[in-house]
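Working through the structure, step by step
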Amino acid sequence: MFEGVEEIWMDGEFVDFEDAQVHVLTHALHYGTGVFEGVRCYDTAEGPAIFRWEEHLDRLFNSAEVYDIDIPFSKRELDEATRELIDREGLQSCYIRPIAFYGYGPLGLNPGKSPEQVAIAVWPWGAYLGEEALEEGVDTAISSWRKYASSQIPTNAKTTGTYVNSVLASLEAKGNGYEEAIVLNKEGNVAEGPGENLFLVRDGEIYTTGLAESILDGITRRTVIELARDMGYTVHDDATISRGELYTADELFFTGTAAEVTPIRTVDDNEIGKGTKGPITDEIQTRFFEVVEEGEPERWFDYV
Ligand code: PMP
C-alpha cells in the first residue's frame, strides 16, 4: 500500500517514511485518543485537487474538540503541509490521511499532560473495495456487532479508538465470505457500513439514514444528497431504515471517501433488485465520477 511513499509530514516537518515513528507509550496507542480524516485528491481536468478539503479539515478540528485535542497547527498550516507533501511525492491523485493524537506522556486516562501530535500521510489508493465492486456491487452481511450509540461515544467524531467497532464488523464479514458489513445501531435499525454511509432506493426515491441513527456525518453522503437533489430526485436524509427494508429495497449503495459510490448487490445473500448495480445508483455514481474528474463545482475543489 505504501510502496514508493518517501516522506510523511509530522509535527511540522517532512520526515523520511522510515522515521515517522512514535513511542510505544503513546497515549493514543493505549486508549485510542486520536482523531483522523480520510480525504481524496483527484486528478481533475484542471490538475490535482483536494475534494471538499475545507469540510474534512472542519470535521478533523471538530473531532479533536470533543477530546480536548488542541491541534498545535492551524487549518491553513495543515493545508499548506498537505499540498506540499502531495507535490513532493509527485502525486496527481491520492488518499490523504491527517491524524492528530495524544502522544507520549503520562498514561493516566486523563490525557491532560500528553503532548498533541499531528501527522499527514498521502499515498495512491484506487477503488477501496475493488474496481469490480464499483461495477457489479458488493456482497454484504448484517454484522452481529452493533454500532456504538452516540450517547456512548460521539459518532460525529472520527476517532481512532472507535474504529475497533468497524474492525470487528469487517473481520466478521470477511471471515464469513462477504465483502463488507452493514452495521445496525443499538435500536436495531441500519446505521452504516464500517467505513461507509448507506443509501436505499425505493419507488424512485432515495433514502439515507439520518444523523440521529449513530452514523458519521459523511462528506460523500452530503455530496450524494446534493447531487441527487440536483438531478431531480427526492432524497430523504433523515430516514430510519429497518433491516427488513434492506432486503426489499430496489437498490442499495454505500458512500465514502474511500468507497466513493459502491453498489450493494446482496445483503445476507438476498439479491437487491437484479443483484447488480441498479439504474439510479448507476446514474448517481456516474455523476459523482464526472464531478471528481471535471473538478466541478469549483467550490468543492482545492487545487494542489
Ligand atoms: N461512516 C464511517 C464509519 C466512516 O469511517 C466513513 C469514512 N470516513 C464514512 C461513514 C463516510 O464518510 P466520508 O464520506 O466523509 O468519507
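Above this text you will find the structure in question.
Residues numbered from 1 in each chain as written. Predicted model: local features only at pLDDT ≥ 70, side-chain atom pairs only at ≥ 80, totals over all residues. Heavy atoms only, no water.

Another aspect to go through is the overall build of the chain. Helix and strand counts for the chain come out as eight helices and 17 strands. Relative to a compact globule of 304 residues, whose C-alpha radius of gyration would be 19 Å, the chain shows 19 Å and is just as compact. Taken along its principal axes, the extent of the C-alpha atoms in the chain is 55 × 45 × 30 Å. By residue count, 54% of the 304 residues in the chain fall in the buried class. Considering only intrachain contacts with a sequence separation of at least 6, the fraction spanning at least 24 residues in the chain is 72%. By element, 47% of the accessible surface of the chain is carried by carbon and sulfur atoms, the whole surface being about 13,600 Å². A distance of 5 Å separates the average location of the 24 positive side-chain charges in the chain from that of its 58 negative side-chain charges. (Helix = DSSP H or I, 4+ residues; strand = E, 2+ residues; numbered from the N terminus. Rg over C-alpha atoms; globule rule 2.2 N^0.38 Å. Buried < 20%, exposed > 50% of the residue type's maximum accessible area, 1.4 Å probe, protein only. Contact = heavy atoms within 4.5 Å. Areas by Shrake-Rupley, 256 points an atom, 1.4 Å probe, with all protein chains shown as cover. Lys, Arg positive; Asp, Glu negative; His and termini not counted. Charge placed at Lys NZ, Arg CZ, Asp CG, Glu CD.)

Residues E296 and P297 are joined by a peptide bond in cis, for which omega reads -5°. Along the chain, P297 falls in the loop between α8 (279-294) and β17 (301-303).

Glancing now at α8. Over its 16 residues, α8 extends 22 Å from the first C-alpha to the last, a length consistent with the 22 Å expected when each residue adds 1.5 Å. All buried positions along α8 are accounted for by I280, T281, I284, Q285, F288, V291 and V292. For α8, the arc enclosing every buried residue in end-on projection is 130°, short of the 170-degree limit, so these residues lie on one face. Pointing more than 90 degrees away from the buried face of α8 are the exposed residues P279 and E293. Following α8 by one or two positions, G295 adopts a phi angle in the positive range, close to 75°. (Expected span 1.5 Å × (residues − 1). Arc of directions from axis to C-beta.)

A separate point is the environment of E7. Tracing the backbone shows E7 in strand β1 (residues 7-10). A sequence separation of 34 residues divides E7 from C41, and the C-alpha atoms of the two residues are 17 Å apart. Aside from chain neighbours lying at most four places away, what touches E7 is F14, V15, D16, F17, L85, R88 and E89. At 2.8 Å, the side chain of E7 and the side chain of R88 are in polar contact. (Polar contact = N/O pair within 3.5 Å; in protein donor to acceptor, adjacent residues only side chain to side chain.)

What follows is about the site of the ligand. Near the ligand you find 15 residues, and of these Y163, E192, I219, T220 and T257 are the closest. Here an oxygen atom of the ligand sits 2.6 Å away from a polar atom, N or O, in the side chain of T220. Relative to its unbound accessible surface of 380 Å², the ligand loses 95% to contact with the protein. Across the shell around the ligand, the residue classes break down as four nonpolar, seven polar and four charged. (Near = heavy atom within 4 Å. Nonpolar A, V, L, I, M, F, W, Y, C, P; charged D, E, K, R; others polar.)

Okay, helix α2 (residues 53-66) next. With 14 residues, α2 extends 20 Å from end C-alpha to end C-alpha; this agrees with the ideal 20 Å at 1.5 Å per step. The complete set of buried residues in α2 reads W53, E55, H56, L57, R59, L60, F61, S63 and A64. The first or second residue beyond α2 is D68, which carries a positive phi of 60°.

Next up on the list: the nonpolar core. In terms of nonpolar packing, the biggest core is built from 25 residues, with W9, I71, L78, I86 and I96 touching the most fellow members. Residue assignment for this core shows that the elements contributing at least two residues are β4 (39-44), α2, α3 (75-89), β6 (94-102) and β7 (116-123). Ranked by residue count, the leading element in this core is α2, at five residues. Apart from residues no more than four positions distant in its own chain, I71 is found in contact with L60, F61, A64, L78, A100 and V118. (Core = buried A, V, L, I, M, F, W, Y, C linked by side-chain atoms within 4.5 Å.)

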